[in-house]
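The residues making up each chain are set out below.
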Amino acid sequence: MGLQSGRPVVLDVDTGVDDALALLLAVNSPDLDLRGVTCVAGNTGLEPVVQNTLRVLDVAGAPLDLPVAAGARRPLLDPPHIAEPAATQTAEHVHGADGLADLGLPESTRPLDRRPAVQLLRDLLLGSDTPVTLVPLAPMTNIALLLRTYPEVQEKIERIVLMGGAVNGGNVTAAAEFNVFADPEAAAVVFGADVPITMYGLDVFYSVRVSETEATAMAASDVPSARLAGQLLLFRMNGELGSAEIGDAGAVAAVIAPDGLTTEALPVRVELEGRYTRGCTVVDRRAESDKDWDPHRGFPAPVLDVALGVDAIRYAKLFVETVS
Ligand code: BDR
Ligand code: CA
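Residues numbered from 1 in each chain as written. Chains lettered and ligands numbered in written order. Predicted model: local features only at pLDDT ≥ 70, side-chain atom pairs only at ≥ 80, totals over all residues. Heavy atoms only, no water.

## A few points about helix α6 (residues 141-149)
Along α6, the residues that are buried comprise T141, N142, I143, A144, L146 and L147. Buried positions along α6 lie against β1 (7-13), β2 (32-39), α5 (117-126), β4 (132-136), β5 (157-163) and α8 (184-191). (Buried < 20%, exposed > 50% of the residue type's maximum accessible area, 1.4 Å probe, protein only. Helix = DSSP H or I, 4+ residues; strand = E, 2+ residues; numbered from the N terminus. Contact = heavy atoms within 4.5 Å.)

## Quick notes on the coordination of the calcium ion (ligand 2)
Only D14 (OD), D19 (OD), D19 (OD), L137 (O) and D248 (OD) from the protein coordinate the calcium ion (ligand 2), and they sit 2.3 to 2.6 Å from it. We note that the donor set of the calcium ion (ligand 2) lies within a single chain, spaced as D-x4-D-x117-L-x110-D. Residue D19 is located in helix α1 (residues 17-28), and its partner L137 is located in the loop between β4 and α6; the two are separated by 118 residues in the primary sequence. Of the two residues, D19 and L137, both sit in the buried class. (Donors = N, O, S within 2.8 Å, 3.2 Å for Na, K, Ca; no water.)

## So, the site of ligand 1
Taken together, 13 residues sit near ligand 1, with D18, N43, N171, E177 and D248 positioned nearest. Within the contact set of ligand 1, an oxygen atom lies 2.6 Å away from a side-chain nitrogen or oxygen of D18. Residue N43 places a side-chain N or O atom 2.5 Å away from an oxygen atom belonging to ligand 1. Mapping ligand 1 onto the cavity grids shows that it belongs to the largest pocket. Broken down by secondary-structure element, the contributors of at least two residues to the shell around ligand 1 are α1, α7 (178-182) and α9 (202-205). Considered class by class, the residues forming the shell around ligand 1 number five nonpolar, four polar and four charged. (Near = heavy atom within 4 Å. Polar contact = N/O pair within 3.5 Å; in protein donor to acceptor, adjacent residues only side chain to side chain. 1 Å grid on protein atoms, 1.4 Å probe; cavity = no way out; pocket = protein on both sides within 12 Å on 5 of 7 lines; lining within 4 Å. Sits in = over half its atoms within 2 Å of the grid points. Nonpolar A, V, L, I, M, F, W, Y, C, P; charged D, E, K, R; others polar.)

Nothing here speaks to function; it is geometry throughout.
As structure tokens, this is what we get:
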């Protein structure tokens, strides 16, 4: 660390197949200087998330002094409308029983930083000479706690590029995307930060894809990062489409090549109450002149740079070439 000249970044992850792809890209990219990784419960519980993260960093050949810290194991509030939170708040059905495609990667002996995630984030940000890009790829509990505990860090955040939310419909429910649904209050806190934010949501998340042929070739590679990426992509392969999405790794690509993303500055609110809409990101695409009669106009929403389109071919190529 410190020898790299790329853009300083910190990833917050719930590894997770596509978080693993994001880590492989971030470690291998010459355009990024990965300063640390923080973990949060999400796709699976906190302990497996930490183990998965350390194992992926081993495969990626990340430096042993790259700090990795554990954070929140539960959202700020327990969901009010769900009978069995434990059964519905994680996503092993998408990521495998161990949260990492059940590949049986060897256990990691890489040390875990003793600091709680919030403390590590604070130290990394305040200790940095230049502002850092924060990349939350998971429920935003750690980042909300950071912003409420140490609001002074905002001056050291260049931008938050987050995977979360959607303009047009959800995945975990009809209305909500998983990372926001898992901790809507945290997302609302993060969206309100005094920092530029890019929302890399579902409208672009599934578009960046690697073909089955390419994934198969990667899985047979001698390069450990490429091999793991190929195996993970094959686990997520959609037989009908003949391709798999790189998911969270697309948000990392958006930090490396922001001009590959089409964004619009739009007001975004997080729905916190609706029984069937909790966790929905309500993106306001109306013209200003159409807002005159809006009863909420006295309560301005945070304005985020919402990703509406992506150069999917470019990001997929960037991913494959970088991890290979
Ligand atoms: C998000 O949810 C998780 O399952 C993925 O890792 C990604 O961050 C997509 O909704
Ligand atoms: Ca994730």
